[in-house]
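Reading the structure
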Amino acid sequence: MRGAGRTAVVKALLLAVAACHAQAQSPPTQAVTWPPIVDSHVHLSFDPVGDELARRGVLAAVDLAAPEATLGKPAPILLVQAGPMLTHGGGYPLDAWGEAGFGIGCDDAACVQTTIDRLARERARVIKLALDDDGLAPPLIPIAVAAAHADHLRVAVHALTDASAARAAAAGADILAHTPVEHLADATVAAWRGRAVISTLAAFGGSDTTIDNLRRLRAAGVTVLYGTDLGNTRDAGPSADEIALLAQAGLDDAAITAAMTTTPIAYWGLDLGTAHLVLDGDPRHDARQLLHPREVHKR
Ligand SMILES: [Zn+2]
């Protein structure tokens, strides 16, 4: 490299040094202590990145489908586990990404009942049902919900369509594991009042319809929990894409921060001890502060 090329490089270097110097002279930002981040929809058996999550401030997560043998096993972060999701024999996700035990196929009430009771004994803390065309047969949904509730477990449903979301609400399910991607009827939105939805907007491409569903569910009084579907997505940390899409759905920085931290900690009853983050600024004024914690203190 010589001549004009070298001059340009030197100029660029000088500019970079000047920028760095200016940054060093600006007053230090006020550090803020904040509770850890919770991702309410992950698959850590599919993508075992718990250590990386911990480094980046995600100190708890809800694993919404994993092989049964993982239940109760130690993990790098605090996990609420579902174990395998219930589906029909050979149904989703057994016929897709989850063939290695991420689902259990049940085609009658006895199977549903014994499976849920067994998962409860194995320390599952939430039951996940695959619905839609390739999931658990509709007549088995109320049976599954009743079995889980009898075991004091909440029920999360994979329900991307309006029909499934409506059926799940009628059966008494507690949580939409994803924001449905098909336009929800007003009656379906209203039926979910007082329950919860896990966002997962980025995992499904964040269409206008999906974003509008989340906006309407929230307006109807549905609790929004931040979730990424990590495993099916591959961004092992707090997701900038999910934050941006939550903002499009009408959540301000304080609401996004709550959905990522305080709301799921309360909703799932998580005991994180003294674990906390140190941030460069108040996330309630800029939720993106959560993307780059200055310090992560585990319990
Ligand atoms: Zn998932």
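Structure first, text after, so check above.
Residues numbered from 1 in each chain as written. Predicted model: local features only at pLDDT ≥ 70, side-chain atom pairs only at ≥ 80, totals over all residues.

A word on the pairing of strand β2 (residues 37–42). Here β2 lies mainly inside the structure; six of its six residues are buried. Where β2 meets strand β3 (residues 58–63), four bridges bridge the pair, whose relative direction is parallel. Across the sheet, V38 pairs through a bridge with A60, a residue of β3. (Buried ≥ 20, exposed ≤ 12 C-beta atoms within 10 Å, placed from the backbone. Helix = DSSP H or I, 4+ residues; strand = E, 2+ residues; numbered from the N terminus. Pairing = 2+ DSSP bridges.)

With that settled, the discussion passes to the sheet that holds strand β13 (residues 295–297). Read from one edge to the other, the open sheet built from three strands follows the order β1-β12-β13, with strand pairing classed as antiparallel. For this open sheet the edge positions go to β1 (32–34) and β13, each flanked by a neighbour on one side alone. Across the sheet, the mean angle from the axis of one strand to that of its neighbour is 20 degrees, orientation sign disregarded. (Axes fitted to C-alpha atoms, helices over the stretch in contact; angles between N-to-C directions.)

Take the sheet that holds β2 next. Taken together, the three strands give an open sheet; going across it, the order is β2-β3-β4, and neighbouring strands pair in parallel fashion. In this open sheet, the two edge strands, each paired with only one partner strand, are β2 and β4 (78–81). Strand-to-strand twist of the sheet, defined as the mean angle between neighbouring strand axes without regard to direction, takes the value 20 degrees.

A few words on helix α9 (residues 253–260). Inspection of α9 places I256, T257, A258, A259 and M260 among the buried residues, and these make up the whole buried set. Where α9 is buried, its residues contact β2, β11 (223–225), α8 (240–248) and α10 (262–267). (Contact = placed C-beta atoms within 7 Å.)

It is the contact of helix α4 (residues 141–150) with helix α5 (residues 162–171), at a shortest axis distance of 9 Å, that shows an interaxial angle of 45 degrees. Judged on the interaxial angle alone, α5 and α4 are oblique. As for the relative orientation of α4 and α5, their crossing is right-handed in sense. Within the contact between the two elements, α4 uses I141, P142 and V145 and α5 uses R167, A168 and A171. For the contact of α4 with α5, the class distribution of residues is five nonpolar, no polar and one charged. (Parallel < 35°, antiparallel > 145°, perpendicular 65-115°, else oblique. Left-handed = near helix turned anticlockwise from the far one by under 90°. Nonpolar A, V, L, I, M, F, W, Y, C, P; charged D, E, K, R; others polar.)

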